[in-house]
Each structure stands twice: as C-alpha cells, then as structure tokens.
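# Remarks on the overall topology
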Amino acid sequence: MSDNIQTVTVLSKTTWTPNLFSFTVSRPDSFKFTAGQFVRLGVNPSQLKYYQQTDETADTALDEDVFRAYSIVSSPFDEVIEFFSIVIPNGAFTSQLQHLQVGDELLLNTMPFGFLTLARYQKPLPKDLWLLATGTGLAPFLSMLQDLKTWEDYEHIVLAYSARSLDELAYIEKIENLQEDFGTLVDNPAKLIFIPIVTREPVEGALSERLPKLLLEGTLQARAGIALDIDTTHVMLCGNPDMVEDTKEALKTLGLVMNRRGEGNIAVENYW
C-alpha cells in the first residue's frame, strides 16, 4: 500500500434521500488540506459490514480497492473529515458506499488535489464571492464557509444551491447557521446571502430555473442584490458537468473571464 494511503473509520452517516447521503470518517493526524480541495477515497466492498452479515452476500461482494475523488465538506480545522455523496445506480463506487455503516473502514489517499481554492485568486482582489453549486457540488463550498479567512476576506458571499426537489437540498440547517457560527468569530465579517433553487417542484422562497438562465436573465443577481462585476467578483462553480459548462458560458456572456494564473473571475472544478 502507498505511503499516502491510510485507513480511516466511518464515525457517522446521514441519509438525506434514497440517493444522497453524508458520512464522517476519522482524520489521520498528518492529514492537511485547503478548503475546496478533494481527495481520493477508497473502499473494498468485501470488507464492509453489510456484505459480511451473511455468507451469501459476502460471496457477491467485490474484493478489490475502488477509489474515487471526493470533495471535503468539513473545515480544514475539523477533527473529522466529512463527505457528501450521491448514489449512482450500478456505480462501482457509490453503489457500494451507500451500504456504509459506522465502524466500517475506508482508505484515504492523504494527498489532497484540486485548485478550487480561494488562494487561486490574485486579481481581482476579494470583494464579492459567488458560490454556485448543484447537488453534491455543495461540498467544497461548505468547507470554505467553515474557514474564518473566507469571512474575513470578502464583503458579500452569495451561495446559490440548486437541486431537483426540496428534499435534495441537503445541509439547509447548517447553511442557515453559518453566519452565526462562523461570521460572528471575525471582525467585519462578510454578509452571507443564501439562494436556494429547486428546479422540478414549486417551493416557496426558492427560485426555479437553472443557474445559467437565472444569470442571463439577471434573476439571480436581483435576488442577491449584487451585480456581477469583472473588477469585484469571484465566481466558483461545482456540480454536474452540464451545469458547470453552461453556467461558465453564461458568465462569460455577461463579461466575466476564466481565472488563469491567478487572474480572472471564474473558477471551476473538473474532477467528475
């Protein structure tokens, strides 16, 4: 086993919907990451308690390590590591991971990856931060919003979080408490503006169109009460690839530019 691979233990599991769940694992003492980064997480299905309960299920379990990339939900300073997962039918990884139980062991590659971090922004200087997420793409943004530096560096933070149905909007209580739990710990904190979006059922207080349309029509900016400005705006996108691509093009249509070599407005994560 690689020196970077460590065994971690599942400490808790939260089921949001039949296809969405979160879980926490123990954190190796040496593990460090920057808010927004992801890691490679591994599972050997044959070692899960679910498959060891009967000889019949044990015989059907895959006996090899399967790794996938996962953004981290938790703060870089938390004592545990939290992940947010979707169940992909017949997926080699998530269809196994859905059977996780407390006490199961997973494999963690302790080398973090990814550049969806606030440190990538050199110009423009931080003022307005827009975090646009669908589904489990919320994970890296929750990590950033549990880092005090984020609250210190910005004046406004807009979190727009899109899901198909109300029950798929996970972590709502946590989001609603972020300003109190983290903003109050710094002087002159950013103001957090949370905009829920539900696209397949009417929900009071939530917008209903896809993110690209909301941006191009100005609906999202109007709800936030903030304009998108090439000189003041940082925008991060994370979620399903179609959303990321379409929203990126919408933002470019509105005059924003991709962040390259530290300069520009738009940053995306492409580990899907």
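Residues numbered from 1 in each chain as written. Predicted model: local features only at pLDDT ≥ 70, side-chain atom pairs only at ≥ 80, totals over all residues. Heavy atoms only, no water.

### What to know about the pairing of strand β3 (residues 38-43)
Here is the rule we go by: Relative accessibility thresholds used throughout: buried, under 20% of the residue-type maximum; exposed, over 50%; partly exposed, between the two (1.4 Å probe, protein chains only). Helix numbering and strand numbering both begin at the N terminus, where a helix is a DSSP run of H or I of at least 4 residues and a strand a DSSP run of E of at least 2. The rule for pairing is simple: two strands pair if DSSP sees at least two bridges between them.
By the criterion of burial, β3 is predominantly enclosed, with 5 of the 6 residues buried. Looking at chain direction, β3 and strand β4 (residues 66-71) are connected through 6 bridges and run antiparallel. If you follow R40 over to β4, its bridge partner there is A69. Note: β3 against strand β6 (residues 105-113), 4 bridges, orientation antiparallel.

### Things to note about the pattern of salt bridges
Using the following cut-off: Any Lys or Arg side-chain nitrogen located within 4 Å of an Asp or Glu carboxyl oxygen qualifies as a salt bridge.
All told, the structure shown has 7 salt bridges when counted by the stated rule. Between K248 and E245 there is a salt bridge, with its nearest N and O atoms 3.2 Å apart. Of the two residues, K248 and E245 both sit in helix α9 (residues 241-253), 3 residues apart, roughly one turn of that helix. One network of salt bridges, with partners in common, ties together E209, K213 and E217.

### Some details on the environment of K174
Secondary-structure assignment places K174 in helix α6 (residues 172-181). Considered as a pair, K174 and L142 are 32 residues apart in the sequence and their alpha carbons are 8.9 Å apart.

### What to know about the layout of surface pockets
The criterion, for reference: Note on definitions: the grid is 1 Å and covers protein atoms alone; a cavity is a set of points where a 1.4 Å probe fits but cannot get out; a pocket is an open set with protein on both sides within 12 Å along at least five of seven lines; lining residues have an atom within 4 Å of a point. Grid points are joined across faces, edges and corners, and a volume is the space filled by probe spheres set on the points. Residues are grouped as follows: nonpolar covers Ala, Val, Leu, Ile, Met, Phe, Trp, Tyr, Cys and Pro; charged covers Asp, Glu, Lys and Arg; every other residue, Gly included, is treated as polar.
Considering only enclosed or pocket space, the largest pocket measures out at about 500 Å³ in volume. Lining the largest pocket are 20 residues; nearest its centre among them are T134, G135, S162, R164 and N240. At the level of elements, β8 (156-163) and α7 (211-216) are the ones that each hand at least two residues to the lining of the largest pocket. Class assignment of the residues belonging to the lining of the largest pocket gives a composition of 7 nonpolar, 9 polar and 4 charged.

### Quick look at the pairing of strand β10 (residues 233-238)
Note the cut-off: Crossover handedness is defined by viewing with both strands directed away from the observer: a clockwise path from the first strand over the helix to the second marks the crossover as right-handed.
Taking burial as the measure, the 6 residues of β10 include 6 buried ones, the bulk of the element. Every second residue of β10 is oriented toward a common face, with T233, V235 and L237 on one face and H234, M236 and C238 on the other, all of them buried. In this sheet, β10 lies alongside strand β7 (residues 128-134) in parallel orientation, the contact comprising 6 bridges. Across the sheet, the residue bridging to D128 is T233, located in β10. In the sheet, β10 pairs with strand β11 (residues 266-268) via 3 bridges, with the strands oriented parallel. Following the sheet pairing, V235 is matched in β11 by I266. Handedness of the crossover joining β10 and β11 through α9 is recorded here as right-handed.

### Notes on the sheet that holds strand β5 (residues 80-86)
Two orientations exist for strands paired in a sheet by backbone hydrogen bonds: parallel and antiparallel. Rules: Fitted lines through C-alpha atoms serve as axes, helices being fitted only where they are in contact, and the angles separating the N-to-C directions of these axes extend from 0 to 180 degrees.
The 6 strands are arranged β4-β3-β6-β1-β2-β5 in an open sheet whose pairing can be described as antiparallel. Looking along the sheet, the strands with just one partner apiece sit at the ends: β4 and β5. For this sheet the average axis-to-axis angle between neighbouring strands, irrespective of direction, equals 40°. Bridge count for strand β1 (residues 5-17) against β6 is 5 bridges, and the pairing is antiparallel. Across the sheet, residue V8 finds its bridge partner in β6, namely L106.

### Things to note about unusual backbone geometry
Residue K123 is joined to P124 through a cis peptide bond whose omega torsion reads -5°. When you line up the elements, P124 lands in the loop between β6 and β7. In this structure, N188 takes a positive phi of about 50° despite not being glycine. Owing to a relative accessible area of 70%, N188 belongs among the exposed residues under this scheme.

### A short note on the sheet that holds strand β9 (residues 191-198)
Let me state the cut-off plainly: Between two residues, a contact is recorded if the distance between any of their heavy atoms is within 4.5 Å.
Here 5 strands make up an open sheet; going across it, the order is β9-β8-β7-β10-β11 and the pairing parallel. One side of each edge strand has no neighbouring strand; the edge strands of this open sheet are β9 and β11. On average, adjacent strands in this sheet sit at an angle of 15° to one another, irrespective of strand direction. Pairing analysis gives 8 bridges linking β8 to β9, with the strands arranged parallel. Directly across from A160, in β9, lies its bridge partner I195. Each of β8 and β9 touches α6; the most contacted strand, β9, lies at about 160° to it. The strands touched by α9 are β7, β10 and β11; relative to β10, the strand with the most contacts, the crossing angle is about 160°.

That's the geometry; what it means functionally is another story.
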